[in-house]
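# Geometric and topological summary
Below, each chain spelled out in residue letters.
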2 protein chains.
Amino acid sequence: MQEDKGALPPKETFSEWYNDILWQAEIMDVRYPVKGVYVWFPHGFAVRKATYAILRELLDKDHDETLFPLLIPENEFMKEAEHIKGFEEEVYWVTHGGTSELDVPLALRPTSETAIYPMYALWVRSHADLPIKLYQIVNTFRYETKHTRPLIRLREITSFKEAHTVHATWKDAESQVNDAVTLYRTFYDRLCVPVIISRRPEWDKFPGADYTIATDVIMPDGKTLQAGTVHHLGDHFSRTFDITYEDAQGEQQLAYQTCYGISERCIAALISTHGDDKGLVLPPAVAPVQIAIVPIIIKKREEEIRAEAEKLETELKDAGFRVKTDFRSIRPGAKYYHWEMRGVPLRIEIGPRDIDNGVVMAVTRFGEKNTVSRDSLIPGIQTIMNTFTEELKERAEQKAQEKIFSVSSLEEAREAAGKGVAVIQWCGCEECAKTIETEIDVSVLGTDVQSKYIADTAGTCIICGKPSRPAIIARTY
Amino acid sequence: MQEDKGALPPKETFSEWYNDILWQAEIMDVRYPVKGVYVWFPHGFAVRKATYAILRELLDKDHDETLFPLLIPENEFMKEAEHIKGFEEEVYWVTHGGTSELDVPLALRPTSETAIYPMYALWVRSHADLPIKLYQIVNTFRYETKHTRPLIRLREITSFKEAHTVHATWKDAESQVNDAVTLYRTFYDRLCVPVIISRRPEWDKFPGADYTIATDVIMPDGKTLQAGTVHHLGDHFSRTFDITYEDAQGEQQLAYQTCYGISERCIAALISTHGDDKGLVLPPAVAPVQIAIVPIIIKKREEEIRAEAEKLETELKDAGFRVKTDFRSIRPGAKYYHWEMRGVPLRIEIGPRDIDNGVVMAVTRFGEKNTVSRDSLIPGIQTIMNTFTEELKERAEQKAQEKIFSVSSLEEAREAAGKGVAVIQWCGCEECAKTIETEIDVSVLGTDVQSKYIADTAGTCIICGKPSRPAIIARTY
């Protein structure tokens, strides 16, 4: 769809690198004539498809997929007071159909609680109907006034996976929150993306939730990207929307709910975590092309080399790999560049000498060369692919670890927050948090941190000196 | 999600049957508080998922999937005059973001030409970029003023598959139109749904197209449902949006385009073609559950029967079938009813006598009983499943054939149009068509009919007597 166009800016200049790679690796086109909405290139969409296939696979074990309407009538949308407050400045309103004004303005869902819960009120009758665990993958809309950025801060979120569950008790809903957190951890693990999970402070929870657990990814510039949230909704929405059930004793009870979402920010995290100065680096699990075959053609053996490349492709495809053979009449170097930019995990070169020696040359996206015997092609490639995934994970974990700093004073915290996530001791009160946030221009992300790099040891608050536990702070996207 | 609730109205009373089956077979919930938009139940969504997986499989052979924005700025939307005329009464407008009025109102796409083609203008540079063949599966919006109906006439079309292609010449685009028609025929063939393909009259083509080929399904009440259209766009849009390419001689040329779409009307066609008085009947290809295992449990051999049912399930799943075992503690008859309503192609009953005899009882959705030896379970079931698909197709074709009538006068046409599709001789002029349409309250669907039931023989127009060819007329949805 476009020619290759020279080197990327180095990844150290993250913001420029990010904008450029989206274009060069054909993820998104940013030239659509509405602010904050973007076009998926086919390659970007193929990455999205493979990534969301993992999400679906994990959810489908005990959720059902479904689809609710985009348009929410004003009266339903306005029912839950806290929820409205959280969204009223961000909602797009449809006011006209054709040339006539609508009787009731319709909101474009910013998230679907107010679309789904009136239906849940109809569906939930008895304790035997519970739990309900549904999810949908949809477009949602936020009238963002902040600086927009592809995949990260959008006016149309094209790929919002939102799950909504209903339970008989607060405890059951809590246990679902824990399951959802585990699911998100597994999801990011499959993407080889390290995450930090924490409990958001009271003032930063989802509008209408009892509490919120969030998944953050440390981006290359040290800022964190919130890339998944899980909310215990308590009975806030079931009170508002009248979601009740008859228990085993014949009594009417309020239901308890959770919801949890992930957007295309997971793709931003994937790209940013693994990419390098040459372009994307994709885990085999989500690479649309896992192996690019580049035939090294010399004129007098052209037929033979072509035939061998096609044979290789067939064998690898039959073994389940996603393979593309690059027969274009450009230099091999240009082909290497092309496939590296697009993040293909493995390139196989096949030339006359390889044929004579009964081998192929397999080069990973990290540049590691492996000679694989033609006789044991499939197990050979499988091993290289597995090793590549492991190495990708290790590299990502090491980079994450290097960006986490345990600090014991505001000064140290200030320095750390310029480079990554600072782990501090915080008593939990809003006043101390606000002091930290204003003093060093960060956000208090949360407490109850789940990360193997952060020990949960008691201490004293760096502001007030009261007994405290670890909290994480960072500059955020 | 809901209890079973008694018999369906007979399919003869099609309109009532249709509304009721959507509810009882858990396809759509119509109680969402906005007119013309509906909620997919998980079972309905699973049917949609399997159906669209076939569509994707067919398209992915030589198209790429992608995703464009929902919101189209007013100025882009208003560029192509004929196109606007076709849609202006039906467009939803977003006028506000938060509490502020937008500078430029945004249309919710009724279809995506005006979202996609400004990008195509940027993407198409040289003849080497062509053809481009992209598709997306998205929600689109029409402010329908006519009576709305789930899956058929919607204000939010949730499942619009639209493909948009660009070619170097008018001929290339024409050949793409033919490929798309073949693709749609294959798609409906996989659903075992007979279709009639014809060329729409000039006044009924897509706004901005050179010509339109449509796919119609004859519904049980004899009305036709347009369930897929393919448009040759000529250079109308490429002129408006400036989509040009440099040819091999270095000259700038206008590109030629096609687009073609299918919506969830394909699900309406599927349900209506095959369903019967007992509920849905699904082709195995799209049945979320292909086999329901019902253990016939007697107390003293309960353990053994349960174990055998589980073993059966595992074996069938390993062979690639989608299987569900129904262990609920309700009567077997209630289970049969439940799975029949949901259209499951095959039910396997397993009781003590079957175990003793080394067999299972396999009952198709048509009620045909087959004893299958436990020793050759998989090939046995596979044969029954294939035969079932064939029979489903034959039954559907026979019903379609019975609803097609060759007629030679307006009087005969009037009678036929009450029961199905009438094949008439029509000269092709608008005046004669309007006479036919007003006299007997039908639509002239089209000419160049592709159907094995309709011979393309020359004749004379039933109105003016001039030389003519066959055309089809019907009452339409």
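Residues numbered from 1 in each chain as written. Chains lettered and ligands numbered in written order. Predicted model: local features only at pLDDT ≥ 70, side-chain atom pairs only at ≥ 80, totals over all residues. Heavy atoms only, no water.

Note the threshold: UniProt positions are given in the numbering used here, feature names are shortened, and annotations may be inferred rather than shown by experiment.
Going by an unreviewed UniProt entry, chain A carries the name Proline--tRNA ligase and comes from Methanogenium marinum. Its UniProt record, at the heading Sequence similarities (unreviewed entry), says of chain A: "Belongs to the class-II aminoacyl-tRNA synthetase family. ProS type 3 subfamily." Under Subunit (unreviewed entry), UniProt gives the following word-for-word description of chain A: "Homodimer."

### Topic: helix 14 (residues 430–440) of chain B
Residue and element names in this part refer to chain B. Defined as follows: Between buried and exposed lies partly exposed: a residue is buried under 20% and exposed over 50% of the maximum accessible area for its type, with that area taken using a 1.4 Å probe on protein chains only. The helix count covers DSSP runs of H or I at least four residues long, the strand count covers runs of E at least two residues long, and both are numbered beginning at the N terminus. What the arc describes is the spread of directions from the helix axis to the C-beta atoms. Contact between two residues is taken to exist if any of their heavy atoms lie within 4.5 Å; hydrogens are not considered.
The complete set of buried residues in helix 14 reads Cys432, Ala433, Ile436, Glu437 and Ile440. Across the axial projection of helix 14, the buried residues extend over an arc of 135°, all falling on one side. Summarising the geometry of helix 14, the exposed residues directed more than 90 degrees from the buried face are Glu431 and Thr438. The inward-facing, buried residues of helix 14 contact helix 13 (410–417), strand 21 (421–426), strand 22 (443–450) and strand 24 (467–474). Where helix 14 terminates, the next one or two residues include Asp441, which has phi positive at roughly 55°.

### Concerning the environment of Leu191 of chain B
All names here are of chain B. Note that Leu191 resides in the loop between helix 6 (170–190) and strand 9 (196–199). For the pair Leu191 and Val177, spaced 14 residues apart in the sequence, the C-alpha separation amounts to 21 Å. Leave out the neighbours within four places in its chain, and Leu191 touches Thr51, Ile54, Cys266, Leu270, His274, Pro283 and Val286.

### Looking at the packing of helix 9 (residues 302–318) of chain B against helix 12 (residues 377–402) of chain B
Residue and element names in this part refer to chain B. How we decide: What counts as an axis is a line fitted to C-alpha atoms, over the stretch in contact for a helix, and the angles between N-to-C directions run from 0 to 180 degrees. Roughly parallel covers angles under 35 degrees, roughly antiparallel covers those over 145, roughly perpendicular covers 65 to 115, and oblique covers all other angles. The crossing is said to be left-handed when, going from far helix to near helix, the turn is anticlockwise and less than a right angle, and right-handed when the turn is clockwise. Under the grouping applied here, Gly and all other residues not named as nonpolar or charged are polar, the nonpolar ones being Ala, Val, Leu, Ile, Met, Phe, Trp, Tyr, Cys and Pro and the charged ones Asp, Glu, Lys and Arg.
The N-to-C vectors of helix 9 and helix 12 enclose an angle of 70°; their axes lie 10 Å apart at closest approach. Considering the angle they form, helix 9 stands roughly perpendicular to helix 12. For helix 9 against helix 12, the interelement crossing comes out right-handed. Residue-level inspection shows Leu312, Glu315 and Leu316 of helix 9 in contact with helix 12, the latter providing Leu377, Ile378 and Ile381. Taken together, the residues of the contact of helix 9 with helix 12 sort by class into five nonpolar, no polar and one charged.

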